[in-house]
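Observations on the model geometry
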Amino acid sequence: MLLKNCPEDVCTYIKKNKETYVPVGPELVQTSTFCYDDYQNFMDQSKDENNNYIYTRGANPTTSYLEDMLSDLIGCQKCKVFSSGMGAIAATLLTLLKQGDHMIMLNTIYGEAYSFAKYINKFGIELTKVYIEKPEEVVQYIQDNTKIIYLESPSHQKCQMLDLEGIVQIAKAHGITTVMDATWASPLFMKPFSYGIDLVIHSMTKYIAGHSDSLGGVVCGSTDVIDTISEYGLRFLGSVSSPFNSWLTIRGLRTLPVRMSYLSHAIVQFIDAIRDDPRIAKIYHPYAATGYQQELSKKYLSGYGSLFSLELVDEDFDKLTAFVDKLSHFSIGVSWGGFESLVLPSFKGDNQAKLDERGLRKSHMRMYIGLENTQTLIDDFTQALDSVY
């Protein structure tokens, strides 16, 4: 009934008017289905639904534009966008691994990714989770059926860096695919493909989108591998980015250099202000690193993400809770990468075993420096410490 009240149907209207305007911003193609002038054209395009516009589950112009922007920025042949970072991780691992395969995960991995890797053991996929300092240490864990080495650098929680070149050299010698979560540094401050990493994953929810209002993930690599992940991991799991979320992410991506420049300076200013406080046992961030970790930071990073962790000397949980509650400019919440500064203690009162497994103290907390005035954040952190410790 609605279309009868219109002078012409929607498809005809779009075709007639699409060349009469040039928007300054990217176009949002908010549709599930695309129409065609003739059946032969439809049949031809349907032979490759992942790269032609048939149904948004396969491809969408807004999402394609985002993928092209990311490919240029990250420096790879092709990118595929997903509805979340975990969507990208799950699709990648389920596409590349099969029953009887073995995967190695290095150091502190994003918790959900690690949990997923353990879960797919039910399908006969083996996992070895190890902590290493130097690349050569990984050799002893490689098996004849090892197919993937999965890593983050810097890692979650401890911001530990790995020698990418060394790991790649070992992986290639054994015919192993390297998959790296590079979210911490953003596409601007680290270029994993320059060192031979095979596949790079980013949680676009964080720095790339940058406004805490959309979810997204992306996996990047060679055209043939990304097409395979699209054909199986994306289509079968259905973790498809909505056109609107892709549009929001494009908006964020256009301001990424400005935001990351500010955040890189802000985290340096913040760490310099608190690093000598005797109430702080340790700060986990590449800028605060020493020795070998500092060398890796200088080699691989061109700037700093503003996510870091710290441990307080006093491990009394009641005091930790009081400290967090005294903060007025840091919100308590998960995720990071947006405008707002965040704090998230690791201990929740009933997860001591998980902390022990990850080598974290009870006073360990993750913090994110956002886009607020940095001195205001420093003052807020200091007043909270002074009021409790």
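Conventions adopted
Residues numbered from 1 in each chain as written. Predicted model: local features only at pLDDT ≥ 70, side-chain atom pairs only at ≥ 80, totals over all residues. Heavy atoms only, no water. Helix = DSSP H or I, 4+ residues; strand = E, 2+ residues; numbered from the N terminus. Rg over C-alpha atoms; globule rule 2.2 N^0.38 Å. Buried < 20%, exposed > 50% of the residue type's maximum accessible area, 1.4 Å probe, protein only. Contact = heavy atoms within 4.5 Å. Areas by Shrake-Rupley, 256 points an atom, 1.4 Å probe, with all protein chains shown as cover. Core = buried A, V, L, I, M, F, W, Y, C linked by side-chain atoms within 4.5 Å. Salt bridge = Lys/Arg side-chain N within 4 Å of Asp/Glu carboxyl O. Pairing = 2+ DSSP bridges.

1. Some points on the overall build of the protein chain
Of regular secondary structure, the protein chain possesses 14 helices and twelve strands. Its C-alpha atoms give the protein chain a radius of gyration of 23 Å, near enough to 21 Å, the size a compact globule of 389 residues would have. Taken along the three principal axes of its C-alpha coordinates, the protein chain extends 75 × 50 × 40 Å. Residue burial in the protein chain is summarised as follows: out of 389 residues, 51% are buried. Within the protein chain, contacts between residues at least 6 apart in sequence are counted, and of these 72% link residues at least 24 apart. Accessible surface, the protein chain: about 17800 Å² in total, of which carbon and sulfur atoms supply 52%.

2. Side note on the nonpolar core
Counting residues in each nonpolar core, the largest one holds 50 residues, and the members touching the most others are Leu70, Leu106, Ile149, Leu151, Met190 and Tyr207. With five residues, the top contributor of residues to this core is helix H6 (residues 164-173). The next biggest cluster of nonpolar side chains, apart from the first, holds 26 residues, and it includes Ile271, Ile274, Val343 and Val388.

3. Digging into the pattern of salt bridges
Pairing is possible between side chains of opposite charge, provided their charged atoms come close. Counting across every chain of the model gives 16 salt bridges. Note that aspartate 277 is salt-bridged to arginine 279, the shortest N-O span being 2.9 Å. Residue classification places arginine 279 among the partly exposed positions, given a relative accessible area of 23%. Three or more residues are tied together by salt bridges with common partners; here these are Glu49, Arg57, Glu231 and Arg235.

4. Here's the deal with the pairing of strand S6 (residues 199-203)
Of all five residues that make up S6, five are buried, and the element is covered over most of its length. Of the two faces of S6, the one lined by Leu199, Ile201 and Ser203 and the one lined by Val200 and His202 are each fully buried. With three bridges joining them, strand S5 (residues 177-181) and S6 adopt parallel strand pairing. Residue pairing across strands places aspartate 181 opposite isoleucine 201, the latter belonging to S6. Pairing between S6 and strand S7 (residues 217-221): four bridges, direction antiparallel. Note on S7: the bridge partner recorded for serine 203 is glycine 217.

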